[in-house]
Amino acid sequence: HTITLTVTNSKYCTNTYTKNIVIDNTIPAASFTNSLACIGEATEFTNTSTTPIGNITQSDWIFGDGTSYSSTNPSELVTHTYGELGTYTAKLRVTNSNNCISEYFLKSVSVNPSPMASFLVGNACFGEQVQFTNTSTLNGGSQIANYLWDFGDPSSGSNTSTDPNPTHLFSTTGTFSVSLHVTNVDGCANT
């Protein structure tokens, strides 16, 4: 395109300057995908933006909860933890190596409640099965779908269980670190 600038002073003297500029189609297209968003857990954001020429050199993220993040590494896996339930509008704008900037790509992110894992332990006597009672709560979320127990006793030969209320025969006396990992129907989890 040929751009011309003409200026005139108060004495009606004029001068003109002309310059050719090239406008090419190098505007990048911002886009991203995200993992399931659960309250208090890191949500992963993957930059899937493209540019017809050059490289993506800057990514500007707005997570919709008053926080933002900028990166010069387009392949960086960005994580963000939402602290409250709700639906947030996450945004991404990218810049390419020609300094062309995309429009914001907007996407709704629904933050789901996570269950709260907890359990009780029955009498723990060596040589007897120990009863574990699941007391996990839904915490406002969907039904718990999966239970994964780790009894901290790998030498027992059966160190894990997927039962909601399992028993375990410990291989020796001592102190064992037992954990319960629960996942709800929506895919949110807690340990």
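Higher on the page you've got the structure.
Each value, and the rule that gives it
Residues numbered from 1 in each chain as written. Predicted model: local features only at pLDDT ≥ 70, side-chain atom pairs only at ≥ 80, totals over all residues. Heavy atoms only, no water. Helix = DSSP H or I, 4+ residues; strand = E, 2+ residues; numbered from the N terminus. Contact = heavy atoms within 4.5 Å. Lys, Arg positive; Asp, Glu negative; His and termini not counted. Charge placed at Lys NZ, Arg CZ, Asp CG, Glu CD. Disulfide = S-S within 2.5 Å. Buried < 20%, exposed > 50% of the residue type's maximum accessible area, 1.4 Å probe, protein only. Pairing = 2+ DSSP bridges. Core = buried A, V, L, I, M, F, W, Y, C linked by side-chain atoms within 4.5 Å. Polar contact = N/O pair within 3.5 Å; in protein donor to acceptor, adjacent residues only side chain to side chain.

A. Geometry of the overall build of the protein chain. A tally of regular secondary structure across the protein chain gives 0 helices and 17 strands. When its C-alpha atoms are laid out on the principal axes, the protein chain stretches across 105 × 30 × 25 Å. Within the protein chain, contacts between residues at least 6 apart in sequence are counted, and of these 53% link residues at least 24 apart. For the protein chain, the separation between the mean place of its 5 positive charges and that of its 13 negative charges on side chains is 35 Å.

B. Representation of the state of the cysteines within the structure. Scanning the model with the defined rule gives 1 disulfide in all. Across the disulfide from Cys38 sits Cys188; the S-S distance is 2.0 Å. On the S-S bond that ties Cys38 to Cys188, the torsion sits near -90 degrees, and the link is left-handed. With Cys38 in strand β4 (residues 37-38) and Cys188 in the loop between β16 (179-184) and β17 (189-190), the pair connects residues that are 150 residues apart, well separated along the chain. Cys188 shares its class with Cys38; the two are buried.

C. Structural view of the sheet that holds strand β11 (residues 119-121). The strand order β11-β12-β15 describes an open sheet built from 3 strands, whose pairing is antiparallel. The sheet is open, and its two edges are formed by β11 and β15 (167-168), each paired on a single side. As defined by bridge partners, strand β12 (residues 130-134) adjoins β15 across 2 bridges and the pair is classed as antiparallel. Directly across from Gln131, in β15, lies its bridge partner Thr167.

D. Representation of the nonpolar core. In terms of nonpolar packing, the biggest core is built from 15 residues, with Phe45, Trp61 and Tyr82 touching the most fellow members. The biggest single contributor to this core is strand β9 (residues 86-96), with 4 residues.

E. View of the side chain of His80. Locating His80 in the fold gives a position in strand β8 (residues 78-81). With a relative accessible area of 10%, His80 lands in the buried category. One polar contact links His80 to Thr67, side chain to side chain, over a distance of 3.4 Å.

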